[in-house]
Structures are given as C-alpha cells and as structure tokens.
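# Remarks on the overall topology
Residues per chain are reported as follows:
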Amino acid sequence: MTVHTLLPDLPAYAELEAHAARLKSTPIEQLFEQDDNRTKVFSLNAAGLSLDFSKQLLDTKARISLLDLAEQAGVRQSIENLFSGTPINNTEERPALHTLLRASQAGKQTEKFREVLAARTRMRALAEGLNNGEHKGYSGHIITDVVNIGIGGSDLGPRLVTDALRPFHGDVRCHYVANVDPADLRDTLKCLNAETTLFIICSKSFRTEETLANSLVARAWVLNAGATTEDLDRHFLAVTSNLEAAEKFGIPPDNCLPMWDWVGGRYSLWSSIGLSIACTIGYEHFESLLQGAHHTDLHFKERPLDQNIPVLLAMIGVWYNNFFEAESEAILPYDQYMHRFSAYFQQGNMESNGKSTDRSGTKINYQTGPIIWGEPGTNGQHAFYQLIHQGTKLIPCDFLAPAKSHNPLSDHHSKLMSNFFAQTEALMNGKTEKEVSDEMAGKSLTEISDLLNYKVFEGNRPTNSLLFKELTPHMLGRLIALYEHKIFVQGVIWNVYSFDQWGVELGKQLAKKILPELHDEDLVSSHDNSTNGLINTYKIFR
Ligand code: F6P
C-alpha cells in the first residue's frame, strides 16, 4: 500500500483553499448566472441514477482541483487495490473484499469466490425452505417468524434492507434484536411463538457481548416452551467466522453459514449476514440486490473520476469537511421505506473514517470523517430543518428520492416530492430582505423591520439531489454500494485505514471490568471520582 504525502502537502490542497476562500462569498445563484449550462455540467446520469450537484458551492475550477486532489492522493490505484484483494486493511492484515460478495459468476474462479457461491447456494436453500413451508419447527408447524440477533454491522445492514424493501416481503416476518437492553429482546419475544420462530445469530466474531447475551436468553425461551436440546437445530442458525465458538454455544457447523475475515462487519449485508433479508424478500430479490450493488461496483471501477458518482460525492464531502469547516453531513431520503438509510451510513462512515492516525502511524492534523445523521423527509422538515436553513452551522445535505412510489395514495407522493424540490430550492436561494418586505406588504414599517431579520434566509446552503425511478432491490443495492464507495474514497483522501475499528475496543474492555462490580452492593472506589460516583449512585438507586 502506497502511503501518500500529508493531505495538506498535496499540491491541489492549497489551490482548494484559495477556491474555497473565493467561493465562500459567492452566491450559488451567481454561479448559475455565469453559466447557462450549469445544471447539465454539474449533473450526472449514470448507474440508473440522476445526480444533480449544481446546487453546490462549486465551480469548474474548484471541481478540477478536487479531482486533482483525488488523483494526487492515489484514488485510482486504491480502487484497483480494493477490487484486486490487496490487503488494504493493514492494521488487521486483510483485504476488504465485500465487492466479491456481489460479483457476478463470470470470470471469477478464485477459491474465495467459490466459497461465496457455495454460501449463496446454502442461503438460497434456507430461504426457499422457509418460504415454501418446508422448514418446520419442533412441533411440526411451519416457521413464520425469523429473528436476527446481531449488532452493528450484523444488524444495521439487514435491518435497513428489510425495512426498505417492505413491498417485496413474502409471508415470513422478520424481527431484529440488537440491544442488550432487555426491552429489545423481551418486546420482540412477546409477540412470537417459539414453535414457529427461527433465530439467526449473526456475529462475525461470535464474541460480541450483546449478541451472546440475547442468544442465550432466546435459547432458554425456546427450551422453556417445550423444545428439547435436539430440537434447537431447527430453531437456531448462526452466521459467523468463529465456528468453534458457535459450536460451543450449541450450534453445529451444519447450521452455521460462513462469514470471512476479509469482509468488514459494516460491509457484510451482502454475505450470509443478509440471510434474514433473503428469508423475508425471497432469494431472487436478494440476488437482485447483489446485482444492483455489482452494477455500481462496475461504475466505480471503470468510470473516469470526473464521471464517477461515488468519487464525486466523496470529493464534495471532502470539500466541505476540509475547506468549509463543516462538521456534519445530513442524508435525507424522501422515502419512508429508507428510514434507516442514514442510521446505516452513520456506522458506515463514522466507524470507517472516524480516525485520527494516518496510514503511516502519524497523528493527523486535519479533519477526517464527519458526523453523519438524518431522517426521512418530510419528518425531518418538522424537526431539524430550521437549523439547516437558519442556524450558524453549514450542513451539506444529500436529498434522495424515487420518482415512483410503491403506494399510489391520493397525491401523497407528489406532495412529498414537492417538498423535496422546495427544500433544495429554499436552501440554495434563501429569502432576501426585499422578498420578506414584499410579503409583508400592508404592515407598518415598524412591524416589518421588527421581523425582517428573523424572516430572512441567507440561502447558499449546499445540497446534492439524487433521483431514481423506483426503490427496487436492484436500485437499493446500487445506492448502498454507491455510499460505501464514497466512504472508501474519502478514507483514501484522509489517508486513514477505513476497514478497522480500534476505537470501539476500549469501552468494551472497561465494561467487562465493571460488570462484575455491579453484581453486589459494595461501593466501588477503583475508578476516577466521577465513574465511582455514578456506579455507586446506580447501586443506591436500583
Ligand atoms: O463494536 C463494533 C463491531 O465490531 C462492528 O464493527 C461490528 O459490526 C459489530 O461490532 C458486531 O460484531 P460481530 O459481528 O463480530 O458480532
């Protein structure tokens, strides 16, 4: 792996600082006035998507420098390394080969790909066995409900996809339990019957405390309902790379589907970790999801950087993160089914690029991964858009929407889309003093001047608009892969290792130490004063 020069030392960096200084005070409207073709030039139709990035604080010169920065940081070579299986996850000495999980059959005769195909065959058999009623529980009843027990990457991806593809659901219902808060499991089990429930324990490591704790209780629940230990094989499957631990738990290798160390947890929904998806939407649709992602992979691999949607999205993100001091990015899907999309990419981005040591082991002196957040439109409009429109922070936003709804209901979808368009327009154009005064015609001058500053919108708030025809499994695959690759490119620019997550370890270690201290009523004094105080207050309160 080639490690590039410090980001601020790359030649394009200084150019970008100059462009940013110039564009910070340029109204986007003015950029439109300077170029009649702006919408066309700053749009891209590819991979079944239409991306409009003309409402960005960007002009051609800045765009060229951003792409120069990508070249200078080695994005092209890095893309090649990603696909060829170079061990780019250096701190864990592994490649990151999630793209292989959705590769097409043609021309891939590697051992790894054969394993992927074998796993897909097993997933198909399991999903079909459930959907056609062949898979029965211990009392002979067909399985009606699947519970995915997993957390982080072993939960968020399958949950996002199952929710997003609700119109494609078959008869099998799917539930997700992640939190070690007992409410999560208890509330899920309350509405289920052990005789007709199948648990899929998803844990790459099979060491995750939350998942193991929930799985043990689920197991006891099935046994308490009348199943014998021999019956458990009909009710428990695991997806893991730790067969030994799964077997110790009581799941024999025949009931385990593979997960590989060359797949990062947050990139794993394409693997057997997606079994709950296949069970819920049917295997054919799961394949279609994979094909959609593969389509984006080809786009990402083959398109020149300037015509490459993930690269453009990544560089626009870098633009605001490193040159405009933006600290966060909002992802705003105008589609209720995509309500977990931002939550999913919160992990995707923040676990991947929330790093402050570069790939040569040096402490970083520039900004890396932003805070990612968002909610579906129009709900977000009635919650936090006030701050995006008139707050003191710059929050670049991605607006995403399908042109067609799965639910033709009155003119709801047109209403939804009118809000999408209105918001991006309002964020860019704002509302001037003159417009406010004109709107208040008939009021006294004092009344107008009292309210003027409150009613003015500065505008110039940047947005991307991503439109697609319909949210199908294929399209969802495309969209997810697109954002995955955006994260990858940004990791290259920020020169961090995007596929490890050492930052989640310390809290886990300390929790292990604290847990036994919570088992009695003795007051503790072995921590800092605040932590001692909190633990002791908890013991008194409980
Ligand atoms: O704690 C973070 C993490 O390691 C994630 O990266 C991962 O997706 C999640 O925990 C679950 O891990 P596992 O699949 O090994 O249970």
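Structure: above.
Not measured: the values here are computed from a predicted model.

Turning next to the overall build of the protein chain. Within the protein chain, the secondary structure is distributed over 22 helices and 11 strands. On C-alpha atoms alone, the protein chain measures out to a radius of gyration of 25 Å, which is about the 24 Å that the 2.2 N^0.38 rule sets for 542 residues. When the backbone C-alpha atoms are referred to their principal axes, the protein chain occupies close to 80 × 60 × 60 Å. Burial analysis of the protein chain (542 residues in total) assigns 53% to the buried set. Put simply, 75% of the contacts in the protein chain that link residues at least 6 apart link residues at least 24 apart.

What follows covers the pairing of strand β3 (residues 145-149). The buried count for β3 comes to five of five residues, which makes it a mostly enclosed element. In β3, alternate side chains face the same way, and those of Asp145, Val147 and Ile149 on one face and Val146 and Asn148 on the other are all buried. With five bridges connecting them, β3 and strand β4 (residues 173-177) associate as parallel partners. Of the residues in β4, the one forming a bridge with Ile149 is Val177.

Evaluation of the coordinates by the stated rule reveals zero disulfides. In this structure Cys256 is a free cysteine whose sulfur lies 11 Å from that of Cys202, the closest cysteine sulfur available.

Around the ligand, a shell composed of 15 residues is seen, among which Ser154, Ser203, Ser205, Thr208 and Glu351 lie nearest. One of the side-chain nitrogen or oxygen atoms of Ser203 is found 2.6 Å away from an oxygen atom of the ligand. Calculation on the ligand without its partners gives an accessible area of 390 Å², and the protein chains cover 87% of this total. Residue composition of the shell around the ligand, by class: two nonpolar, nine polar and four charged.

Moving on, we come to the packing of helix α13 (residues 283-302) against helix α20 (residues 473-494). α20 packs onto α13 with a crossing angle of 40° between their chain directions and a minimal axis gap of 7 Å. Classified by the angle their axes make, α13 and α20 are oblique. Considering how the two elements wind past one another, α13 and α20 form a crossing that is right-handed. In this structure, α13 contributes His285, Ser288, Leu289, Gln291, Gly292, Ala293, His295, Thr296, Asp297 and Phe300 to the contact, and α20 contributes Pro473, His474, Leu476, Gly477, Arg478, Ala481, Leu482, His485, Phe488 and Val489. For the contact of α13 with α20, the per-class residue count stands at nine nonpolar, nine polar and two charged.

Moving on, we get to the packing of aromatic side chains. Evaluation of the coordinates by the stated rule reveals 25 aromatic pairs. Joined through ring pairs, the aromatic side chains of Tyr334, Trp373, Phe384, Tyr385, Phe399, Phe420 and Phe421 make up one cluster. We note Arg63 situated over the ring of Phe42; from NZ or CZ to the ring centre the distance is 5.0 Å. In this structure, Arg219 is placed above the aromatic ring of Phe249, and the distance from its NZ or CZ to the ring centre is 5.6 Å.

Attention now goes to the sheet that holds strand β8 (residues 328-333). Strand order in the open sheet formed by six strands is β1-β2-β11-β10-β8-β9, with mixed pairing between adjacent strands. Every other strand in the sheet has two partners, leaving β1 (43-46) and β9 (371-373) as the edge strands with one partner each. The average undirected angle you get between the axes of adjacent strands in this sheet is 15°. Across six bridges, strand β10 (residues 397-402) lies against strand β11 (residues 463-468) in parallel orientation.

Once that is clear, we can look at the environment of Gln367. With respect to the helices, strands and loops of the structure, Gln367 is situated in the loop between α15 (341-353) and β9. Remark: the alpha-carbon pair of Gln367 and Ile487, spanning 120 residues in sequence, is separated by 15 Å.

The subject of this paragraph is unusual backbone geometry. With omega at 5°, the peptide bond leading from Gly377 into Thr378 counts as cis. Inspection of the secondary structure assignment puts Thr378 in the loop between β9 and α16 (385-390). Located in the positive-phi region is Phe206, a residue other than glycine, with phi close to 50°. In this fold, Phe206 is placed in the loop between β5 (197-202) and α10 (209-224). Judged by its relative accessible area of 3%, Phe206 is buried.

Parameters and conventions
Residues numbered from 1 in each chain as written. Predicted model: local features only at pLDDT ≥ 70, side-chain atom pairs only at ≥ 80, totals over all residues. Heavy atoms only, no water. Helix = DSSP H or I, 4+ residues; strand = E, 2+ residues; numbered from the N terminus. Rg over C-alpha atoms; globule rule 2.2 N^0.38 Å. Buried < 20%, exposed > 50% of the residue type's maximum accessible area, 1.4 Å probe, protein only. Contact = heavy atoms within 4.5 Å. Pairing = 2+ DSSP bridges. Disulfide = S-S within 2.5 Å. Near = heavy atom within 4 Å. Polar contact = N/O pair within 3.5 Å; in protein donor to acceptor, adjacent residues only side chain to side chain. Areas by Shrake-Rupley, 256 points an atom, 1.4 Å probe, with all protein chains shown as cover. Nonpolar A, V, L, I, M, F, W, Y, C, P; charged D, E, K, R; others polar. Axes fitted to C-alpha atoms, helices over the stretch in contact; angles between N-to-C directions. Parallel < 35°, antiparallel > 145°, perpendicular 65-115°, else oblique. Left-handed = near helix turned anticlockwise from the far one by under 90°. Phe/Tyr/Trp six-rings, centres within 6.5 Å; stacked < 30°, edge-to-face > 60°. Lys NZ or Arg CZ within 6 Å of the ring centre and 35° of its normal.

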